[in-house]
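The chain contents come next:
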Amino acid sequence: MKPFLKQWLPRLAFIALCVPGVAAQAALNLELPEIGDASGGTISPIEERRIGEEFMRQVRQQLKIIDDPEINEYVQSLGYRLAANSDNQSQDFTFFIIDDPAINAFAAPGGFIGINSGLILASESESELASVLAHEIAHITQHHLARAFEKGGKLGLMSVAGMIAAILVGTQNSELGQAALAATQAGSAQAQINFTRGNEEEADRIGIKTLARADFDTRSMASFFERLQKSMRFAGASVPEFLRTHPVTTSRIADSRNRAEQFPYRQIVDSQIYHLVRAKLRVLNEPNPKQAISRFAQNLKQGQYRNEKAEQYGYALALLSNRDYDAARTQMSELLTKDSDSLPYQLALARIEIASGNTGKGLDIYTGALKLYPGNHPLTMLYGRALLQTGQAAQARVLLQKHVRQHAANPELYKILAEAEGQTGHKAAGHQALAEYYYLNGHTGAAVEQLEIALRTPDSDFYQSSQIEDRLAQLKDQLKLETKR
């Protein structure tokens, strides 16, 4: 093992929940310093954010991130609700979902928190899902990563971000993880890192307080851990090595339960959007739409569901995926007669109408919804895509240009904006937007190429050319750093 890796890997506090079911865990178990002052140590908040942003770019480059705007909006909303009740309400957070059936969640520097789609589906209540996010938020607010840097000097920020991303990729895919570690000059991918029990217990304890403040069931954390622990008793040799040496222990579950009992019990009702998101994920995770249709139809017939409306919603989406437009329209129209103000139902019906060729009806639904929910991110994204799909690029361009100012870190938004700019003849702006799309997805070289093309495009004015040149200089500097990493 290279000397710098031997020095730094035990201090790279890549905080992950590491619950049972995680594929290719690579025995992640980070050994951190003693828990002490939570002031943030030797890393400034700006440095943490820079590490986190670089980490996020590398994650997007190597793992499949779910870009469905409705699913993302829900997870962001849930995360913000918890963060607003955390111990550090000034901390910025970014929540995202990895398309992976394994049960996993993790936190990275700068408030970046990811969860696998499998964890959302494994949860049996919104409070259980919230308990995982609260746990990860606590890792961030307690500066567990920053404390790991207090006992020594620092690597370059990009190298740190690269190694953290490589460790994460290793938990999702061992071969990708090894390649990523080599790419960051991290040497041996066999290095094992150890979590301390103290950090996990602290995250549990603070997470339970956050759950209580945010009006979730504090008992959900222990119940989720316990159910996962029981489910692994039958897994046999397939259990990752990490779970054999560092399991979710009975004592940790008992401690979580005891702490939860300190708060008064209240019956918590799941939000409807929680059930709708789970139904939508079930459709997205099923490669064969006919199988999804059969499963939803059978569940509805036999009454085997947690939420009937969500089951019917999932059934309609599965029918849409299979191009059974009339049947999908029937199901969604029934839902709208029960709840005409539901935005998810309206968005689904708009998609059905446009997919079936009823363009006018679909766009009318979007425009009507936009009057009620101006600036809504999922609505704006879906409406923008629909406008492009139906040949109304000029209107899409106006809509998306305004929206990108509030969502500048969203790569999919830049992608559809680039299409709108290109279709309306604004070639330089299209290459500009595409450059940001590539950059946010970790492809700095491709971003530089797009900006160089934009400079050669004759439709840009002096002001726009100056913007392009400034951004090009920034990304060229970034590319040099990446080359040295």
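Undergrad: I would appreciate a short explanation of helix α17 (residues 343-355) in the present structure.
TA: A turn of α-helix holds 3.6 residues, and therefore any two residues three or four places apart point the same way. Its 13 residues give α17 an end-to-end C-alpha distance of 18 Å, which sits within 8% of 18 Å, the value for a rise of 1.5 Å per residue. Counting buried residues in α17 gives eleven out of 13 residues, a clear majority hidden from the surface. All of the buried residues along α17 are Leu-343, Pro-344, Tyr-345, Gln-346, Leu-347, Ala-348, Leu-349, Ala-350, Ile-352, Glu-353 and Ile-354. Here the buried face of α17 lies against α3 (69-83), α13 (272-284), α15 (308-321), α16 (325-338), α18 (359-372) and α19 (377-389). Phi for Gly-357, located one or two positions after α17, is positive at around 100 degrees.

Undergrad: Please explain empty space enclosed by the protein as it appears in this structure.
TA: Gaps between atoms show up when a probe of the same size as a water molecule is rolled over them. Summed over the entire model, instances satisfying the criterion amount to two cavities of 30 Å³ or more. Each pocket or cavity is described by its volume, and for the second largest cavity that value is around 40 Å³. In terms of lining residues, the second largest cavity is bounded by Glu-70, Ile-71, Ile-273, Leu-276, Val-277, Lys-280 and Tyr-313. Tallying contributions element by element places α13 first for the lining of the second largest cavity, with four residues. Classifying every residue of the lining of the second largest cavity gives five nonpolar, no polar and two charged.

Undergrad: How do you make sense of the packing of α17 against α18 when you look at a structure like this?
TA: Each packed pair of helices is defined by two parameters, the angle between the axes and the distance between the axes. Running from N to C, α17 and α18 cross one another at 155 degrees; their axes reach a closest spacing of 7 Å. By the angle between their directions, the pair α17 and α18 is classed as roughly antiparallel. The way α17 lies across α18 gives a crossing that is left-handed. Residues Leu-343, Gln-346, Leu-347, Leu-349, Ala-350, Arg-351, Glu-353 and Ile-354 of α17 form the contact with α18, whose own contacting residues are Thr-359, Lys-361, Gly-362, Leu-363, Ile-365, Tyr-366 and Ala-369. The residue inventory of the contact of α17 with α18, partitioned by class, reads nine nonpolar, three polar and three charged.

Undergrad: Whenever I open this one, the packing of helix α10 (residues 220-231) against helix α12 (residues 250-260) confuses me. Can you help?
TA: Look at α10 against α12: their axes get within 8 Å of each other, and the N-to-C directions meet at 160 degrees. As far as their axial angle goes, α12 and α10 are roughly antiparallel. Once α10 is placed against α12, the crossing between them reads as left-handed. Residue-level inspection shows Met-221, Ala-222, Phe-225, Glu-226 and Gln-229 of α10 in contact with α12, the latter providing Thr-250, Arg-252, Ile-253, Ser-256 and Arg-257. Its residues assigned to classes, the contact of α10 with α12 comprises four nonpolar, three polar and three charged.

Undergrad: Would you mind showing me how to read the layout of surface pockets here?
TA: Of the volumes computed, that of the second largest pocket is approximately 440 Å³. Considering each element in turn, the lining of the second largest pocket owes the most residues, four residues, to helix α22 (residues 427-440). Classifying every residue of the lining of the second largest pocket by side-chain character gives seven nonpolar, four polar and five charged.

Undergrad: Sorry if this is basic, but what is going on with the packing of aromatic side chains here?
TA: Remark: the centre distance and the inter-plane angle together describe each pair of aromatic rings, the angle taken between the planes. Evaluated as defined, the whole model comprises six aromatic pairs. Ring centres of Tyr-313 and Tyr-345 lie 6.0 Å apart, and the angle between their planes is 45 degrees; this geometry places the pair in the tilted category. Highlighted residues: Tyr-313 in helix α15 and Tyr-345 in helix α17, separated in sequence by 32 residues. Overall, Tyr-313 belongs to the buried group, its relative accessible area being 2%. Looking at Tyr-345, the relative accessible area reads 1%, which means it is buried. Within the aromatic cluster, the residues linked to one another by ring pairs are Tyr-80, Phe-93 and Phe-95. Across the ring face of Tyr-439, the terminal group of Arg-57 is positioned such that the distance to the ring centre comes to 4.0 Å.

Undergrad: Would you mind going over unusual backbone geometry with me for this structure?
TA: If a residue is not glycine, its phi is most likely negative; likewise, a peptide bond is most likely trans. Even without glycine at this site, Asp-215 takes up a positive phi of about 65 degrees. The residue Asp-215 is located in the loop between α9 (197-213) and α10 in this model. On the accessibility criterion, Asp-215 (42% relative accessible area) is partly exposed. The backbone phi angle of Arg-323 is positive, close to 65 degrees, even though this residue is not glycine. By the secondary structure assignment, Arg-323 is in the loop between α15 and α16.

What counts, and at which threshold
- Residues numbered from 1 in each chain as written.
- Predicted model: local features only at pLDDT ≥ 70, side-chain atom pairs only at ≥ 80, totals over all residues.
- Heavy atoms only, no water.
- Helix = DSSP H or I, 4+ residues; strand = E, 2+ residues; numbered from the N terminus.
- Expected span 1.5 Å × (residues − 1).
- Buried < 20%, exposed > 50% of the residue type's maximum accessible area, 1.4 Å probe, protein only.
- Contact = heavy atoms within 4.5 Å.
- 1 Å grid on protein atoms, 1.4 Å probe; cavity = no way out; pocket = protein on both sides within 12 Å on 5 of 7 lines; lining within 4 Å.
- Points joined across faces, edges and corners; volume = space filled by probe spheres on them.
- Nonpolar A, V, L, I, M, F, W, Y, C, P; charged D, E, K, R; others polar.
- Axes fitted to C-alpha atoms, helices over the stretch in contact; angles between N-to-C directions.
- Parallel < 35°, antiparallel > 145°, perpendicular 65-115°, else oblique.
- Left-handed = near helix turned anticlockwise from the far one by under 90°.
- Phe/Tyr/Trp six-rings, centres within 6.5 Å; stacked < 30°, edge-to-face > 60°.
- Lys NZ or Arg CZ within 6 Å of the ring centre and 35° of its normal.

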